[in-house]
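The residues making up each chain are set out below.
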Amino acid sequence: MKKILPIILFVQISVCSISIIYAQPSSRTAWNDGWTFTKDGQSKVLNLPHDWGVEGPFVQEYEGSTGKLAWWGKAEYSKTLEVTASDIQRRKCFFLDIDGAMSFAKVFCNGQFVMEWPYGYASFQADLTPFLHEGANKVKVTLDNLPNSSRWYPGGGIYRNVWLEKADPVGIAHWGVKITTSDESPADGSATMSISTAIRNSTGEKIGTAKISTAVFDGDRLLVSDETTTEGGSTMQNIHLKGIKFWDLQDCNLLKVRSIVSYNEYADTLFTLYGVRTAEFRPDGFYLNGARTPLNGVCLHHDAGALGAVWNNSVWIRRLQQLKDMGCNAIRTSHNPPAPELLDLCDRMGFVVMDELTDTWITPKRENGYGLLFSDWAEKDLKAMILRDRNHPSVVLWSIGNEVSEQAERDGYFLAKYLSGICHDEDPTRLTTSGCNITKSYLSDFRKGIDVFGFNYKPHLYGKFHELFPSQPYLGSETASCISSRGVYLFPPSDKKQFAENNFQVCSYDLYTVPWGHTPEGEWKGQDENPSCAGEFVWTGFDYLGEPTPYNSDMTELNNFHDSASIAKARKELAEKGKIATPSRSSYFGIIDLAGFPKDRYWIYQARWTDKPVLHILPHWNWSGAASTEDRIGQITPVHVYTNMDEVELFVNGKSQGKLTREKNQYRLRWDNVIYESGNVVAKGYKDGKAYSETIVTSGPASKLDVSYEYGAERDLVFVTVKITDRNGNFVPTANNPLKFSVSGNGQLVATDAGDATSLVPFYSAEIDAFNGLCSAIIRTTYNGSHSASKAGSTGKITLTVSSPGLKTAKVSIK
């Protein structure tokens, strides 16, 4: 195993974000800037969120689950907190809120232990007040990220936002406002809103009468207000709402609830965004506001590709918009509580969410995984997740686990019932589920421990389940697991390993899955034959770091290679080392690749999940000439079209290959006997009497770099796309040219990636090879040299230069 040089820790991947928080105390401010990070005896000052793992080089000898990155180890973050004499005199309290720290976090203040929270995905609050004095106070957070603790890349560090709350000694408790509704009527826009407010008393004394003032706003318009009093504990207020818009997937109407607790000279204010809606899982599906709504969902791991585990709003707004455009309406936070901002974005953008606790219960999947924590921390972690997330209208289901071994064991029912009971006690308004991959679990008592049965990869059991248990809702909690590499095509198209895998890439005809998986059409067959199924969550929306199935381990077979050069190289390595080190560092499951480029599968889901006219042709048509990687002139080269057209006619160089009529619930049309000749392929589709067409062409050799960009939603990042074209501007889908990025002015290059799961070029590198014609880069905007988001109203210019030997250099000015 190669030694990781300490210098890798000082290539900072730390992207500041302006967070949109759905529940924001007026006394709470971001506390991300100016932390001192220390690891392996070396220190630097940085801004949070921060992931030390993604800063390092890839090491091919690491196992695939790690993402080939060294995210494990011990580290600490420290920062000074200034406390004034006035703060002491006014008995101010100081709370440190950490949205996520990977992992085994311990908080210290002035050298004294404050608290710990080991689960790296949990959010928690530390009360610093008893440990503070006037003047400078040292706050320190230590982490001990254990190796062999995760099946995928978890990241390392304080990778989510940190907040400092400076409050009066009497106020609103942490996550202390709970909002529910009843008597909802979407037809006339009425509901009764029940608001429970828990009081925080840090005086050490019994308090007298405190006043709770609650007001509900629609935008800036006051709808209703109410006042009550309390002497501590929790107090309930019931408010009747009329003429409001309900929250749904198209119109994400969010009301603003203002809660004020006042006692003598003390006051505390909390704003909570809340959407009124009804969400029901019935035996025949999921209903939102009384309307049956199929769940067109995806599973998402928490990393953001080249940024690692670092949370950034702009990145995730962009990601969610790509999914929204595909027709996705549901997210499963596999397999852990998400960043709180993800749920806020789902509230605002129109997604429903399965909020998941963990991948493991007591029986471990990894030596140092959550099994170490379950007995002591599962209840605390589950309650923390529910208390934090219960006011989000997007959250419709609590998931208590994923593929836990206990689903097949005698005691599994009791654990499921125990965890579901916690969910019901803390939040009686939502049901529970668990992702089950063992067939007999649905026939055992385990089924009774959850409300909505979650099938992982079992569409063939949907009908049997509904027949046996007609009153229990069910869904595909994890589906498909089709695998592919963007722009890679192998012939003949096949679902067989020997035809679908080559040189650590996977064919993109989307016919090949992992042994336990299904093609998209295989899953849909189960749903279409059983409309009682509430929907699905595809594995996965995006590729993610780690778990590069089917190339998880070192290989000893040469059958993974098809071309002579790759076979020769592998044979030499096998002879010398007795194995072939797997280069794959990220997954192949994603509908969208790690760099943010859609794979072919994107369009088959869009064809099913939306009413948009979809015509997508595959494969590319560069199978001859200077820009080809394989000469197929005169050979059968099947053409598939993903579509929701009524019928499609295919043409090659103007010659019809036949017209096909799409059958019900069919979204892939196949012309399996097309003889390749260079030129163009045109698909002409007809839908509801309207004509549509899509064309792909055989390009010339790479000549130019087409550079485009878009601003992040918060203007803190710029997302750059480089497309390699021929001299006529045609996309070259086989181009893997080396690229070099240079940024000057008010910007800094943060990361590059091209979506190649085998690329071991560090994400922070300014030089990277394109992958099948495309590459992406992320630029952080700066202001006066600061590595934080540009100040509001500030102006500046970024100059981006992209070059490649033999190609025309592209220079772009970004204002």
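Here the structure is shown first, and the text comes after it.
All values derive from a computational prediction rather than experimental measurement.

Caption draft 1: View of the overall build of the protein chain. Along the backbone of the protein chain there are 10 helices and 46 strands. Dimensions of the protein chain along its principal axes, counting C-alpha atoms only, are 90 × 60 × 55 Å. Each of the 815 residues in the protein chain was classed as buried or not, and the buried ones make up 61%. For the protein chain, the centre of its 83 positive side-chain charges and the centre of its 93 negative side-chain charges are spaced 3 Å apart.

Caption draft 2: Layout of the packing of aromatic side chains. Per the counting criterion, the structure on display carries 41 aromatic pairs. Pairing Phe 281 with Phe 286 gives two aromatic rings, centres 4.8 Å apart and planes at 45 degrees, and the pair type is tilted. Overall, the relative accessible area of 1% leaves Phe 286 in the buried class. Considering the side-chain rings of Trp 361 and Phe 374, the 6.1 Å spacing of their centres and the 35 degrees angle between planes classify their relative orientation as tilted.

Caption draft 3: Highlighting the sheet that holds strand β2 (residues 28–30). Strand order in the open sheet formed by four strands is β2-β11-β6-β9, with antiparallel pairing between adjacent strands. The sheet terminates laterally at β2 and β9 (124–127), the two strands that pair on one side only. Taking each pair of neighbouring strands and ignoring which way they run, the sheet shows an average axis angle of 25 degrees. Alignment of β2 against strand β11 (residues 162–167), held across three bridges, turns out to be antiparallel. Note on β11: the bridge partner recorded for Arg 28 is Glu 165.

Caption draft 4: Local environment of the packing of helix α4 (residues 374–389) against helix α5 (residues 412–426). The geometry of α4 relative to α5 is characterised by a closest axis approach of 9 Å and an angle of 30 degrees between their N-to-C directions. With respect to each other, α4 and α5 are oriented roughly parallel. Crossing angle aside, the handedness with which α4 passes α5 is right-handed. Residues Phe 374, Glu 379, Leu 382, Lys 383, Ile 386 and Leu 387 of α4 form the contact with α5, whose own contacting residues are Leu 415, Tyr 418, Leu 419, Ile 422, Cys 423 and Glu 426. Here the contact of α4 with α5 is composed, by residue class, of nine nonpolar, no polar and three charged.

Caption draft 5: Here's a closer look at the sheet that holds strand β33 (residues 639–643). Read from one edge of the open sheet, three strands run β32-β33-β36, paired in antiparallel fashion. Strands at the two margins of the open sheet, each flanked by one partner only, are β32 (615–618) and β36 (668–671). When strand polarity is set aside, the average angle formed by the axes of neighbouring strands in this sheet is 20 degrees. When β33 meets β36, the two strands line up antiparallel, connected through four bridges. Residue pairing for β36: Val 641 is matched across the bridge by Leu 669. Most of the contacts of helix α10 (residues 601–609) go to β33, to which it runs at about 40 degrees, and overall it touches β32, β33 and β36.

Caption draft 6: A look at the environment of His 301. Assignment of secondary structure puts His 301 in the loop between β22 (295–299) and α2 (313–326). In sequence terms His 301 and Asn 336 are 35 residues apart; their C-alpha atoms lie 8.4 Å from each other. Setting aside residues up to four positions removed in sequence, His 301 forms contacts with Trp 152, Trp 316, Ser 334, His 335, Trp 539, Tyr 544 and Glu 547. At a separation of 3.0 Å, a polar atom in the side chain of His 301 contacts the main-chain carbonyl oxygen of Ser 334.

Caption draft 7: Expanded view of the packing of helix α8 (residues 520–529) against α10. Between α8 and α10, whose axes approach to 11 Å, the crossing angle comes to 20 degrees. Our classification of the angle between α8 and α10 gives roughly parallel. Considering the relative orientation of α8 and α10, their crossing is right-handed. Facing α8, whose interface residues are Pro 520, Glu 521, Trp 524, Gln 527 and Asp 528, α10 presents Arg 601, Ile 604, Tyr 605, Arg 608 and Trp 609. Grouping the amino acids of the contact of α8 with α10 by side-chain chemistry returns five nonpolar, one polar and four charged.

Caption draft 8: Looking closely at the side chain of Gln 407. Topologically, Gln 407 is positioned in the loop between β25 (395–402) and α5. Judged by relative accessible area, Gln 407 falls into the buried class, the value being 1%. Reaching out from Gln 407, the side chain makes a polar contact with the backbone oxygen of Val 404 at a distance of 3.0 Å. Residue contacts for Gln 407: discarding those within four places in its chain leaves Gly 435, Cys 436, Asn 437, Ile 438, Ser 441, Ser 444 and Phe 446.

Caption draft 9: Layout of α2. The first and last C-alpha atoms of α2 sit 20 Å apart over 14 residues, in line with the 20 Å expected at 1.5 Å per residue. α2 sits mainly inside the fold: 10 of its 14 residues count as buried. Residues of α2 that are buried: Asn 313, Ser 314, Val 315, Trp 316, Ile 317, Arg 319, Leu 320, Gln 322, Leu 323 and Met 326. The opening residue of α2, the one whose side-chain oxygen lies 3.0 Å from the backbone nitrogen of Ser 314, is Asn 312. After α2 finishes, the residue Gly 327 shows a positive phi value of roughly 105 degrees.

Caption draft 10: Representation of the pattern of salt bridges in the model. Going through the model one piece at a time under the given rule, you end up with 33 salt bridges. For Arg 332, the salt bridge goes to Glu 478, with nearest N and O atoms at 2.7 Å. Linking Arg 332 in strand β23 (residues 330–332) with Glu 478 in strand β28 (residues 474–480), this pair joins segments that are 146 residues apart in sequence. No difference in accessibility class separates Arg 332 from Glu 478, as the two residues are buried. Close ionic contact of Arg 632 with Glu 630 constitutes a salt bridge, the shortest N to O distance being 2.9 Å. Residue classification places Glu 630 among the partly exposed residues on the basis of a relative accessible area of 30%. One salt-bridge network, in which partners are shared between bridges, spans Arg 151, Asp 359, Lys 365 and Glu 547.

Here is what the cut-offs are and how they apply
Residues numbered from 1 in each chain as written. Predicted model: local features only at pLDDT ≥ 70, side-chain atom pairs only at ≥ 80, totals over all residues. Heavy atoms only, no water. Helix = DSSP H or I, 4+ residues; strand = E, 2+ residues; numbered from the N terminus. Buried < 20%, exposed > 50% of the residue type's maximum accessible area, 1.4 Å probe, protein only. Lys, Arg positive; Asp, Glu negative; His and termini not counted. Charge placed at Lys NZ, Arg CZ, Asp CG, Glu CD. Phe/Tyr/Trp six-rings, centres within 6.5 Å; stacked < 30°, edge-to-face > 60°. Pairing = 2+ DSSP bridges. Axes fitted to C-alpha atoms, helices over the stretch in contact; angles between N-to-C directions. Parallel < 35°, antiparallel > 145°, perpendicular 65-115°, else oblique. Left-handed = near helix turned anticlockwise from the far one by under 90°. Contact = heavy atoms within 4.5 Å. Nonpolar A, V, L, I, M, F, W, Y, C, P; charged D, E, K, R; others polar. Polar contact = N/O pair within 3.5 Å; in protein donor to acceptor, adjacent residues only side chain to side chain. Expected span 1.5 Å × (residues − 1). Salt bridge = Lys/Arg side-chain N within 4 Å of Asp/Glu carboxyl O.

Note that all results are geometric; they support no functional claim without further evidence.
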